[in-house]
Amino acid sequence: MSLTPDAAPSPNENNNWDDSETYTLSASGGGTLLSIELTMSITVGGGDGATRTDIVWVDDVEKLRETTTFNQSCSANEKVDYEVIYTRNSTGTFTVRHKVNLSGGSTAR
């Protein structure tokens, strides 16, 4: 099995942003596709009460809406892992759209 592209984009998230990527899952040779699972692991940072809301859609269906509040220093980034937000058991294409809303605090990224 192969997923193209094989990695998510890594934008500079100093401001609100909204982006999408279309992925293609293909098979070669023999074998059976059991399933794939889409998870998200995001490095986030901010400070002084800033909030960040991550919203994810797969094929226009909302799969994730999570808000994080930052109370640490703006230089103290942390990794946020989201559980499985999408599964499928067939090849083909799917589009992931990820939107970020930043607000409050002295800084957020």
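Residue numbers run consecutively from 1 along every chain, following the written order of its sequence. With pLDDT at 70 or above as the cut-off, local features in this predicted model cover only qualifying residues; side-chain atom pairs require 80 or more to be listed or tallied, and sums for whole chains, interfaces and linings still use all residues. Hydrogens and waters are ignored; side-chain quantities use all the structure's heavy atoms.

(A) Looking closely at the sheet that holds strand β1 (residues 2-4). Two strands are counted as paired when DSSP detects at least two bridges linking them. Helix and strand labels come from DSSP, where a helix needs a run of H or I of at least four residues and a strand needs a run of E of at least two; each type is numbered from the N terminus. With respect to topology, five strands assemble into an open sheet ordered β1-β2-β8-β5-β6, the strand pairing being antiparallel. Of all the strands in the sheet, just β1 and β6 (61-69) have a single pairing partner and so form its edges. For this sheet the average axis-to-axis angle between neighbouring strands, irrespective of direction, equals 20 degrees. In this structure, β1 lies alongside strand β2 (residues 17-26), joined through three bridges in antiparallel fashion. Bridge pairing links L3 to L25 in β2. An axis is simply a line fitted to the C-alpha atoms; with a helix, the fit covers only the stretch in contact. Between two such axes, the angle follows the N-to-C directions and lies from 0 to 180 degrees.

(B) Local environment of the confidence of the model for the protein. The score called pLDDT rates the predictor's confidence residue by residue, from a low of 0 to a high of 100. For the protein, per-residue confidence averages 77 on the pLDDT scale, and residues scoring 70 or more make up 72% of the total. Ranking the elements of the protein by mean pLDDT puts strand β9 (residues 107-108) last with 42 and β6 first with 89.

(C) Focus on the packing of aromatic side chains. Note on aromatic pairs: the rings of Phe, Tyr and Trp (six-membered ring only in Trp) are paired at centre separations within 6.5 Å, and the planes decide the class, stacked below 30 degrees, edge-to-face beyond 60, tilted for the rest. Taken as a whole and judged by the stated rule, the model has two aromatic pairs. Taking the centre distance of 5.8 Å and the plane angle of 25 degrees together, the rings of Y23 and F94 count as stacked. Of this pair, Y23 sits in strand β2 while F94 sits in strand β8 (residues 92-103), and the two are 71 residues apart along the sequence. The class for Y23 is buried, based on a relative accessible area of 9%. Burial classes follow relative accessibility: with a 1.4 Å probe on protein chains only, a residue under 20% of its type's maximum area counts as buried, one over 50% as exposed, and anything between as partly exposed.

(D) Summary view of the pattern of salt bridges. Definition used for salt bridges: Asp or Glu carboxyl oxygen within 4 Å of a side-chain nitrogen of Lys or Arg. The tally for this structure, following the rule as stated, stands at three salt bridges. For D54, the salt bridge goes to R52, with nearest N and O atoms at 2.8 Å. Of the two residues examined, D54 and R52, each falls in the buried class. For R65, the salt bridge identified is with E62, shortest N-O distance 2.8 Å. Assessed through its relative accessible area of 38%, E62 is described here as partly exposed.

(E) The arrangement of the nonpolar core in detail. Counting 12 residues, the largest nonpolar core consists of Y23, M40, I42, V56, V58, L64, V80, Y82, I85, Y86, F94 and V96. Of all the secondary-structure elements, those providing two or more residues to this core are β3 (36-44), β5 (51-58), β7 (78-88) and β8. For this core, the element with the highest residue contribution is β7, accounting for four residues. Setting aside anything within four residues of it in sequence, one finds Y82 in contact with T39, M40, I42, D54, L64, E66 and T68. Side-chain atoms within 4.5 Å are what join buried Ala, Val, Leu, Ile, Met, Phe, Trp, Tyr and Cys residues into a set we call a nonpolar core. Residues are treated as being in contact if the distance between any of their heavy atoms lies within 4.5 Å.

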